[in-house]
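# Overview (structure and organization)
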Amino acid sequence: MHIGEIKTEKPSITLIEFDAHGVTETRFDSLEASRLHQPTRAKMWLNVYGLHDPAVMAEIGRRFKLHPLVQEDILNTHQRPKSDEYADYLYIVARCFDFDTESSTLNSDQVSIVLGRNFVLTFQEQATGAFEAIRERLRAEHGAMRSHGTDYLAYALLDTLVDRYFVMLDNLGDMTEDLEDLALSNPNPALLAEINRVKHEALMLRRAVWPLREVLNTLSRADSSFFTADTRLYLRDIYDHTVHVLESLESVRDSLADLLDIYLSSVSNRLNTEVRILTVLTTLFMPATLIAGIFGMNFRVMPLLEEQNGFVIAMGMMAVAATLMAAAFWRRNWLKTR
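First, a word on what this report is: a plain description of the structure on this page. Predicted model, so just to flag it, every value in this text is computed and none were measured.

## Observations regarding the overall build of the protein chain
Assigned secondary structure in the protein chain consists of 8 helices and 7 strands. By principal-axis analysis of the C-alpha atoms, the protein chain measures approximately 120 × 40 × 35 Å. Relative to its 338 residues, the protein chain shows a buried fraction of 43%. On the protein chain, roughly 18,700 Å² of surface is accessible, and the fraction owed to carbon and sulfur atoms is 55%. Where the 34 positive side-chain charges of the protein chain centre and where its 46 negative ones centre are 2 Å apart.

Put into structure tokens, the structure is as follows:
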């Protein structure tokens, strides 16, 4: 049973068969057509887009003798990156990330890789174009990838996924810099929500890279018969790349944490400025309140009480006091917001 979001309307099955002498590509429109196909070359790469049709997985599992637990993990698209070794094949789970420029969000898809002696199976939730460069390398007339084994193809697939992580890191870094500028110039609740969203996406990327690093470390050091000694050297290179991604990701997370401190400091500074302005305005009216309170006392004999221009004199005293205080506040920069 498929567990996850349906991202492809109809499953698509593509087979690439290759050897040192050439490459053959076949697209299957139905399961019946796939049953009639006979291999033409020594090595093959079968790719499936769309995992919501259990019949497709059942047919592939029957042809390549996949364990029911492997089929279950492929159909459950919320798997943690891992690797499981069986007698005839090696099962690897990884995550493929894509950046949506319109919404500035990271999209994650599960990629399942099954590496056999002479075949590689890849299962993806939808067509992302992530592996198109590898197909072009296989199609190249003088491409060196054809002469390598299927283990090298599996390495190339993993290397492509890790390289995309660097692109996601660059996008997260750009968003962090933009948010930092907004935090200094215009802190608001919407900005706080955006900071938390970017933090969540950085955490999502870390959850994909951290276990993949352990998978690559195991594959590059274990005595697995599915990877040759030469290919393990390339796997160590991917492992170094994942370490670099994690270190850069920690730097982004620290920047986001500092960004929250900047946001809170900006909000606190703005609040202090607003309170200061209100305090100054209140202080400016205090002399007027004092003068009005004095002349409002119920005594029979008071200065200026019988004066014809008493009201004008009192208002003038209020205005002069407020003006003198405002001038003093201005000289001390208490009326400036920046």
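Further notes follow.
## Focus: the packing of helix 5 (residues 150-185) against helix 7 (residues 229-295)
Running from amino to carboxyl end, helix 5 crosses helix 7 at an angle of 15°, the nearest separation of the two axes being 9 Å. The angle between helix 5 and helix 7 places the two elements in the roughly parallel class. Considering how the two elements wind past one another, helix 5 and helix 7 form a crossing that is left-handed. By residue class, the composition of the contact of helix 5 with helix 7 is 21 nonpolar, 9 polar and 5 charged.

## Describing the side chain of Arg164
Tracing the backbone through its elements, the reader meets Arg164 in helix 5. Using a relative accessible area of 17% as the deciding quantity, one classes Arg164 as buried. With near-sequence residues (within four places) excluded, Arg164 lies in contact with Cys96, Phe97, Asp98 and Ala130.

## A closer look at the packing of helix 5 against helix 6 (residues 189-221)
The relative placement of two packed helices is expressed as an angle between their axes plus a distance between the axes. Their axes nearest at 11 Å, the elements helix 5 and helix 6 cross at an angle of 155°. If you check the angle between helix 5 and helix 6, you find them roughly antiparallel. The way helix 5 lies across helix 6 gives a crossing that is left-handed. In contact with Leu158, Val162, Tyr165, Met168, Leu169, Leu172, Met175, Thr176, Leu179, Leu182 and Ala183 of helix 5, helix 6 contributes Leu191, Glu194, Ile195, Arg197, Val198, Glu201, Ala202, Leu205, Val209, Leu212 and Leu216. Its residues placed into classes, the contact of helix 5 with helix 6 shows 18 nonpolar, 1 polar and 3 charged.

## Describing helix 3 (residues 68-75)
Taken as a whole, helix 3 has its buried residues at Val70, Gln71, Asp73, Ile74 and Leu75. Considering only its buried residues, helix 3 is in contact with helix 2 (54-64), strand 4 (82-85), strand 5 (89-100), strand 6 (105-116) and strand 7 (119-124).

## Comments concerning the nonpolar core
Trp45, Phe131, Ile134, Tyr165, Leu172, Leu205 and Leu235 are the most contacted members of the largest nonpolar core, which has 58 residues in total. Contributions of two or more residues to this core are made by strand 1 (12-19), strand 5, strand 6, helix 4 (132-139), helix 5, helix 6 and helix 7. Filtering out sequence-adjacent residues up to four positions away, Leu205 remains in contact with Phe97, Tyr165, Met168, Leu169, Leu172 and Leu249. With 23 residues, the next largest nonpolar core counts Leu51, Met57, Leu66 and Val70 among its residues.

Conventions adopted
Residue numbers here run from 1 along each chain, matching the order of that chain's written sequence. Whole-chain, interface and lining totals are the exception, using all residues; otherwise, since this is a predicted model, local features are given only for residues with pLDDT of at least 70 and side-chain atom pairs are given and counted only at 80 or more. Only heavy atoms go into the side-chain values, all of them from the structure, while hydrogens and water stay out. Helix and strand labels come from DSSP, where a helix needs a run of H or I of at least four residues and a strand needs a run of E of at least two; each type is numbered from the N terminus. Note on classification: 1.4 Å probe, protein chains only; a residue is buried when its accessible area is under 20% of the maximum for its type, exposed when over 50%, partly exposed between these limits. Surface exposure here means Shrake-Rupley accessible area, sampled with a 1.4 Å probe, where a residue is shielded only by the protein chains that are shown. Charged residues are defined narrowly, with Lys and Arg counted positive, Asp and Glu counted negative, and His plus the chain ends left uncounted. By convention, the charge on Lys lies at NZ, on Arg at CZ, on Asp at CG and on Glu at CD. Whenever a helix is involved, its axis is fitted only over the stretch in contact; in every case the axis is a line through C-alpha atoms, and angles between N-to-C directions fall within 0 to 180 degrees. Here the word oblique covers every angle except those under 35 degrees (roughly parallel), over 145 (roughly antiparallel) and from 65 to 115 (roughly perpendicular). In this scheme the handedness of a crossing depends on how the near helix is turned from the far one: anticlockwise by less than a right angle means left-handed, clockwise means right-handed. Asp, Glu, Lys and Arg are counted as charged, while Ala, Val, Leu, Ile, Met, Phe, Trp, Tyr, Cys and Pro are counted as nonpolar; the rest, among them Gly, fall into the polar class. Only heavy atoms enter the contact rule, under which two residues are in contact if any of them lie within 4.5 Å. Among buried residues, the Ala, Val, Leu, Ile, Met, Phe, Trp, Tyr and Cys ones that are joined through side-chain atoms within 4.5 Å form a nonpolar core.

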